[in-house]
Structure formats: C-alpha cells, structure tokens
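Geometric and topological summary
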Amino acid sequence: MEFFTISMLNGLSYGLLLFMLSSGLTLIFSMMGVLNFAHASFYMVGAYVAYSIARVVGFWPGLFIAPFVVAVLGAAFERYCLRRVHKFGHVPELLITFGLSFVILELVQLIWGRIAVDFPPPEVLRGPAFTLVNSSVDGMHLLWGAAPAAMCSSADAAVRIVCSPFPATRGFMMFIALVMLVALWLMLTRTRIGLVIQSALTHPEMVEALGHNVPRVFMLVFGAGAGLAGLAGVIGGSTFVTEPSMAGAVGSVIFVVVVVGGMGSLAGAFVASLLIGVIQTFAVALDYSVVTALRSIGVTLGPAAADSSFLKLTIAQVAPILPYLFLVLILIFRPKGLMGTRED
Amino acid sequence: MKPPANRYGALGPRDLIVWGIAAAAMLVAPWLFSSGLAVTMLSQMGITIVACLSFNMLLGQGGMLSFGHAVYSGLGSYVAIHALKAIGGGTLAIPVSLIPLVGGFAGLFFAVLFGFVTTKKAGTTFAMITLGISELVGAMVLMVPEFFGGEAGIAANRVVGKAVLGITFGPQIQVYYLLAVYTIVCTAGMYAFTRTPLGRMLNAVRDNPERVEFIGYSTQRVRYISFIIAGFFAGVAGGMYALNFEIATGEVVGAFRSGLYLFFTFLGGATFFFGPIIGAVLLVLSFVLLSEITKAWLLYLGLAFLLMVMFAPGGIASLIMMNWRIAKFGKLRGLLAGYALLALTGAVGFFGVAAMIEMIYHLQLNADLGPTLRFAGVELNVQTAASWLGAFAVALVGFGLFELARRRFALRWGEVQGQIEAAIRAREEPA
C-alpha cells in the first residue's frame, strides 16, 4: 500500500514535470506548427543557468531569474533565426531547432563541462515532505517531515514497521507544476493576451487584421514556452542530475507525450504526461519478467528458454522503452492521439 | 539540376558522360590518393554516399524528415555481420561479395515492418514517430545481447570462403573496389528511381498530397513503398559498412548517426539529386580530418548547419547550381571579385571567433597543459586579456567588413540576376 502511494506520487510528480515541458511545446506547436526540437535543450539551459546563479546568490533567486533568462534566449532565437526560415516551410523550421539543440548541447559542454555538476536543492527541500509509517499493529499513518528513527524500528520482532518517505523536492515539483498549470489556464482563458493567443491559433490573419502584432505574439509565446521549460529545468536539474545528457533523456519522452496526447491538444498533453510519468515510475520498480510470470502460473521452462535474455528481461529493464512502445500502439489504434483533433 | 526528363526516361549522351566520369573517378581515386588513410576514407565515402542518397529519397524527394534512418542501415549492418559470421562458420554458402545485398534485404525487411507504422503519417508526426522507433531500437541494443552483442558489438572476419579470381577481400583496396561498384550501382539505381512513375508520384506527394489523393492515389501507399525502397538502399549501405569495418556496434543504429545523415544530407543539399553525395564526402572528411584538427568540430558543424538552414536552405548543391546558372550566362567573372572579398573578410571574422572558441575549449579541457595554445600559427594565452580582446577585435573587424562586402555583393548579385532574367526574356521573345 505504501509502495503504491509513494510510487503514485512519484509518478504524478514526474508526469507534472513532463507536462511543464510538453505544455510549452504544445502551445508553440499549435500556434506556429513548429515542433521545437530544442525544447528539452531549453530545459537543460534552465538547469545550468540556475546552477550558476545558485552558486552566487542561492537557489531561490535562481528559480525566478533562470526561467527569465531562458525565456529571453528563446524569444531571441524565434526573432532572429526561426522567423527567418518560416517562409521556407515546416521542414526547415524543424531542422533549425534540431540544429539549435545540437549547438546548445555543445555550448553547454563547452561552458559547464562534460560531467554532471553538483546542483543540490535548497536546505528546506532536502528532507522528506512526509513519511508514511506502516506498522503491522497500528496500521498506516502519515507523518509530516522525517520520521524519527525510533518510530521506524520496533523492539518487538513480531511487529513489522515500514517507513516510506516522500522527498520534499518531489512535492515542490508538484506544487510548482500545479501553480503553473492554473496560472497558464487562467492566463489563456481570462486575460486579453490569452484571448489574442487563442484566436491567433486558429485565425492568425483575422487577428492581424484587427490590429494585433501576430509575429510578436508568436515571439512571446515561444519565449514563454522556453521559459516554462527553463523553470522545469531548474526544478528537474536540482531534483535529478544536472548533466549534458539531461536534454536527450527527457527530450524524446516529451515528443512521445505530445504525439500520444494528440498534436496541439493541451488537455491531451496533460493526460499523456501523467500517464507516461506514472507508467514509467511504476515500471522501474517492478522486477517481473516473462520467466517469473510463467513460473508463477506453474509453467517450467527448458534450460535454453529460461536462459534467453529476451524472456528474462524484467519490466524494470524495459521501462525506458515503454513510452515508445506506447507511442507505436497509440499510432496503430488511435492515430489522432488521445485527445487530438488533427488527422494529418 | 535535374536533366530535362525526356519522354522515355532514357539516358541522353550528357547523362552517359556524367556517369562515365563518376565511375572513372571512383576507379582512379585510389591511384591518386594511395595512402592507407585515403583508401579507408574513400571506402567510407562510398558507404555514406549510399546512406545519404537513400536518406534523401525520403527527405528531398518525399518531404519526409526521418530522425531514424540509421535504424535501417544499422540493422542491415547487424544482419550482414551475422551473415558474414555464418559464412565463416560454414553454415551459409554465399560469396562474401554479396554481403551488402544481405544487408539490403535486412533493411528492406525492417522498413516493411516499421514503415507500416511510420508512413501512416506525414510531416511533423512522421518525424516524431521515426524518432520514437529510433529510440526503441537504440534501447534494444543493450536488452537483446544475443543479436546485438551488447556494448562490445559483434565482430566477424571478411576473409572467409574461397577466393574468387584471387580476390580474398583481405587488402583494403579490394574491398574499396567492391564498395565502389556497389556505390555506383546503388547511385544509378536511386537515380533511376527518381525517373520512374513512382518516383514522380513521391515528388507529388511531397508537394501537394491533397491533390494526389484527389487524382486517386493513396499518399500513404506511395510513402510506404518509397520508404521500403529507401530502407533497402540504407540496408545495402549498412552491409557495406559491415564488410568494411567487420564489426557492428550499438552506435550504428543510434540516434547520433541518424542525426548525422540528416545533417550532412541537408548540408550537401536535399533539393538536388547530387547534393547528398557532396554531403557524404563532407561527412567523412569532417569526421576523419576536422576532428583531428580541433576539439570543437561538432560546434563548428552545428553553427554551419544553423547558418545553412537560415541562409541557404538548398544546401551546397543549390549554391553550386545558382553559380552554374550565372556562369552559363557568362556573368560569373563580374562576381569573382565580390566572392574573393566575402571569403577574405569572412575568413578574418571566423578566425577571431574560432580563436575565442578554441581558447574556451582549452580552458575547459587542457587547462593543465599550461595557459598557452597555438592556433593557426598564433600564440594565444588564455590568461591574458590581450588574447581575448585581440580575438574579439579581429572577429568584430572581420564581420564588420564582411557585412559591408555583403551589402555591395547583394547589390551586384541582384543586378546580375536582373540581367539574366532580361536575357531569358529576350531569348524567349520571337525574333
């Protein structure tokens, strides 16, 4: 039970982090038709910039400054590079973001080095947010903060007590993502600029005719999307590892999220993010394979079959490829994606 | 520029000359560059030419941007290396010279399998699915060590079986000639494909899929069949790779290699048939030579790619063809001075930027070797402000002058284009 709860929360927090990335990606895609290949690179830049700021003035200022820096970089890229290739069509647009991801990776390695940097979360977030204490006598109860060691062990050998802590960084990640989600939703539906963005999604010419500067709206959305990725980077970088391969690790997963959720659907991206976050988190913890499954239903295999590495693969080992399998299955059975409307 | 399509798709005398020259060049090349390194590089060029051309069947001719082309060449390599091992073990009785074909059929098989899913869509979604498949296969490498050999990969020996006419494929030069034959045949095959009805339909699917559907073709099937053919040629390239290197490791199916195909096909020029050939030659040159010269070569490549996408989306091939047109109208001589000036100022600016990049790399990687480094004959000290300011000033002056030269050149260029337009109009008007 406590395994399920903690894994679920971990999965949800990872899913929400994925949504911070995929929401920006989806917004940019549905506005400009550009799938920003460098989106995960902005995530990485956010983490590294925050790391540098945190070394000088601490984590909290970095949490606000780094996304802003990344947003400015993103907007500048849109203004000076992406807009220039817009007239050539979608493939060059995709290619220029692909080239950018390549250059950013090299520049990050050039500036911060090729190995992981030490970017710890702030002091407040280092411990667990709460601890689930499951005792075979008292049942399960929740304890804020870390549980004292005395509570997690019992003098009586017959009483089994398990303490499952939930890291505060994960809780913080969920909190920031939810705040961001609500803010984004309010901005898109309740403010004037949100309305302009929404209408520019479907009728850019009309919006332009009404006197709004649509290219500037594009630039702002691109910058904001990059900024969100940067914010996710600050949190992701301090929770996980800040290293040059972090962009590649999360990059292809968010593309899967966007395709599975349905290209251009924000709600679809939300559902797909959570789904993939939860699936991946649970899969990593499950140590079952075809061999153990067969054994549990009473089938004994010959020595050759039992030794086959294909059958011995555990779910935990295949966890990294589950999102891609999911992608292929979705495309076969529901080509639009979960909530997509586009059929192309 | 494609030669004018004559009605029967037959080769004109001009085509025969071009192909003859290409074949002769491949035949003579190892005599001109006879060192071991050169022959190795020439062999690799043959492999990458086939791979990039097959990639361009998708990108240039079909408008399909694939991020997973190395899957088909790489799986071709793996199957070919297994076949080579089987020949060595005596369980498979085919000549070693047919190994690339084995790779080809493997590529074809996997393209039939994966292409069914990927070609359901076009455009951005297609790109994303190919990326997913590429990740999937890349992750498989470590999961199924029986087939992929894990981290170490699978090695085989190509000097097996009976020697035919004294050819054992032991010496690199013999392999080179075999690969050259495959390169020529595959290039001719892929060129022929562009002139078949299917090849033309593929162009139509790229340019206006909606209209193609109206005429009664299934765009999905056109994409699927073309994808399979491209997979076959990619597999041949993979088989050539297996024969040349006698090893297949996880890297051959990896995303990095797929990215490289994309990079260099685009740099060479996706809109012309011969563009990817230029790209493939550049790929091998930069991999073997540029990586020796500087540690920052990937950064330079990335920047070159960005500039290319922004300013010359047709790649090097389109630049050549633009100047070819000017030369045909006899106007190139007037532009040469402008080109020289651009090249000179650009080189100065690049020198300044490159000096700074090299200094940063030096700080990052070789700081323990002391503060000085030699760059293009100049002694730079990363700890003195003079080096940094000097490099910055050189870059600033170079690019400033470059911008001035560019403006004058752009004017001149416009003038020349205007003259050419006028000449064409004058020619078309009835005398």
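1. Some remarks on the overall build of chain A
If you tally the helices and strands in chain A, you get 16 helices and three strands. Taking all 344 residues of chain A together, 43% fall into the buried category. When contacts within chain A are restricted to residue pairs at least 6 apart in sequence, long-range pairs at least 24 apart make up 76% of them.

2. With respect to the domain arrangement of chain B
All names here are of chain B. Under the domain assignment, chain B is made up of domain 1 (13-302) and domain 2 (329-428). For domain 1 versus domain 2, the distance between C-alpha centres works out to 34 Å. Domain 1 puts four residues into the contact, and the matching count from domain 2 is four residues. Tallied by class, the residues present in the side of domain 1 that touches domain 2 amount to two nonpolar, one polar and one charged.

3. Comments concerning the nonpolar core
Leu21, Tyr43, Ile254 and Val257 of chain A together with Val50, Ala80 and Phe233 of chain B are the most contacted members of the largest nonpolar core, which has 190 residues in total. When residues of this core are assigned to their parent elements, the largest contribution, 14 residues, is made by helix α10 (residues 219-245) of chain B. Setting aside residues up to four positions removed in sequence, Val50 of chain B forms contacts with Tyr182, Thr183, Cys186, Phe233, Val236, Ala237 and Met240 of chain B. By size, the runner-up hydrophobic cluster in this structure holds nine residues, among which are Ala354, Leu380, Ala391 and Val394 of chain B.

4. A look at the packing of helix α7 (residues 192-202) of chain A against helix α9 (residues 214-239) of chain A
Residues and elements named next belong to chain A. Remark: α7 packs on α9, axes separated minimally by 11 Å, with the N-to-C direction vectors making an angle of 105 degrees. As far as their axial angle goes, α9 and α7 are roughly perpendicular. The residues of α9 that touch α7, namely those facing Val196, Ile197 and Ala200, are Val214, Val217 and Val221. Of the residues contributing to the contact of α7 with α9, the split by class is six nonpolar, no polar and no charged.

5. Focus: unusual backbone geometry
Although it is not a glycine, Glu246 of chain B adopts a positive phi angle of roughly 60 degrees. Along the chain, Glu246 of chain B turns up in the loop between α10 and β2 (247-248).

6. A look at the interface of chain A and chain B
Interface size is commonly expressed as the accessible area that is lost once the parts come together. Each partner contributes residues to the interface: chain A has 37 residues there, and chain B has 34 residues. The biggest single contributor to the side of chain A that touches chain B is helix α4 (residues 90-112) of chain A, with 12 residues. In terms of residue class, the side of chain A that touches chain B is built from 28 nonpolar, six polar and three charged.

7. Observations concerning the domain arrangement of chain A
All names here are of chain A. Once the domains are mapped, chain A shows domain 1 (2-121 + 169-243) and domain 2 (125-167). Across the boundary between the two partners, domain 1 contributes nine residues, which contact 10 residues of domain 2. Its residues assigned to classes, the side of domain 1 that touches domain 2 shows four nonpolar, three polar and two charged.

Thresholds applied
Residues numbered from 1 in each chain as written. Chains lettered and ligands numbered in written order. Predicted model: local features only at pLDDT ≥ 70, side-chain atom pairs only at ≥ 80, totals over all residues. Helix = DSSP H or I, 4+ residues; strand = E, 2+ residues; numbered from the N terminus. Buried ≥ 20, exposed ≤ 12 C-beta atoms within 10 Å, placed from the backbone. Contact = placed C-beta atoms within 7 Å. Domains from an automatic or database assignment. Nonpolar A, V, L, I, M, F, W, Y, C, P; charged D, E, K, R; others polar. Core = buried A, V, L, I, M, F, W, Y, C linked by C-beta atoms within 7 Å. Axes fitted to C-alpha atoms, helices over the stretch in contact; angles between N-to-C directions. Parallel < 35°, antiparallel > 145°, perpendicular 65-115°, else oblique.

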